[in-house]
Amino acid sequence: FGPDEVDRLFKEIDAMKKIGYHENVMCMLGWALPGDAPCLVYDIAEMSVLSFVSDFREKPDDQVPYKKFLSILWQVTRGKRI
């Protein structure tokens, strides 16, 4: 890491602390500085939204869980309103 990357990382840490908890945004649990490589610690998601949605490309319409799909879209929209 160069000085620029470390500065950006600490700006992101500060932004995540200001955001705090939001039910529709992956929350930062903390950060660590093991050796020379700083890192952020986040809660683990079951899978990425892109992977989840991409699985429906090849499925017939009757196998797509529309309620769950719309719920994900709604949550993403709520998370963007921060």
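Right above here is the structure, for reference.
Position numbers for residues count from 1 along each chain, tracking the sequence in the order it is written. Owing to the predicted nature of the model, reporting of local features is limited to residues with pLDDT of at least 70; listing and counting of side-chain atom pairs is limited to 80 or more, with chain, interface and lining totals taken over all residues. Calculation of side-chain values draws on the structure's entire complement of heavy atoms; hydrogens and water are dropped beforehand.

Turning to the overall build of the protein chain, a few remarks are in order. Within the protein chain, the regular secondary structure consists of 3 helices and 2 strands. Strands are runs of DSSP state E lasting at least two residues, helices are runs of H or I lasting at least four, and both sets are numbered from the N terminus onward. Counting helices and strands in the order they occur from the N terminus, the protein chain gives α-β-β-α-α. Based on C-alpha atoms, the radius of gyration is set beside the globule rule, defined as 2.2 Å times the residue count to the power 0.38. Its C-alpha atoms give the protein chain a radius of gyration of 17 Å, clearly above 12 Å, the size a compact globule of 82 residues would have. Based on the C-alpha atoms only, the size of the protein chain along its principal axes is roughly 50 × 25 × 20 Å. Think of it in three bands: with a 1.4 Å probe and only protein chains considered, a residue is buried below 20% of the maximum accessible area for its type, exposed above 50%, and partly exposed in between. Across the 82 residues that make up the protein chain, the buried fraction comes to 18%. Contacts are assigned to residue pairs that have any heavy atoms within 4.5 Å of one another. Considering only contacts in the protein chain between residues 6 or more positions apart, those separated by 24 or more positions represent 38%. By the counting scheme adopted, Arg and Lys are positive, Glu and Asp are negative, and His together with the chain ends is not counted. Charge placement uses NZ in Lys and CZ in Arg. For Asp and Glu, CG and CD serve respectively. Within the protein chain, one finds 11 positive and 13 negative side-chain charges whose respective centroids are separated by 7 Å.

The next point concerns the pattern of salt bridges. The rule for a salt bridge is simple: a side-chain nitrogen of Lys or Arg has to be within 4 Å of a carboxyl oxygen of Asp or Glu. Enumeration according to the criterion identifies 4 salt bridges in this entry. Linking Asp-4 and Arg-8 is a salt bridge whose minimum nitrogen-to-oxygen distance equals 3.9 Å. Here Asp-4 pairs with Arg-8, and both are found in helix H1 (residues 3–19), just 4 residues apart, close to one helical turn. You can call Asp-4 partly exposed: its relative accessible area is 46%.

Attention now goes to a nonpolar patch on the surface. There is a patch of nonpolar side chains on the surface, built from Phe-10, Trp-31 and Leu-33 and spanning about 310 Å² of accessible area. Locating Leu-33 in the fold gives a position in the loop between strand S1 (28–32) and strand S2 (39–42). Like charges within 9 Å and nonpolar side chains (Val, Leu, Ile, Met, Phe, Trp, Tyr) within 5 Å are joined into patches, using only residues over 30% in relative accessible area that form no salt bridge. Shrake-Rupley sampling with a 1.4 Å probe provides the accessible areas, and residues are treated as covered by the protein chains on show and by no other component.

Take the residue count of a helix, subtract one, and multiply by 1.5 Å to get its expected span. Taking 1.5 Å per residue as the helical rise, H1 with its 17 residues ought to reach 24 Å, and the 24 Å between its terminal C-alpha atoms agrees with that figure. Buried residues of H1: Leu-9, Ile-13 and Met-16, and no others. All buried residues of H1 lie within an arc of 65° about the axis, which places them on one face of the element. Summarising the geometry of H1, the exposed residues directed more than 90 degrees from the buried face are Pro-3, Lys-11 and Lys-18. The inward-facing, buried residues of H1 contact S1 and S2. It is the directions from the helix axis to the C-beta atoms that the arc portrays.

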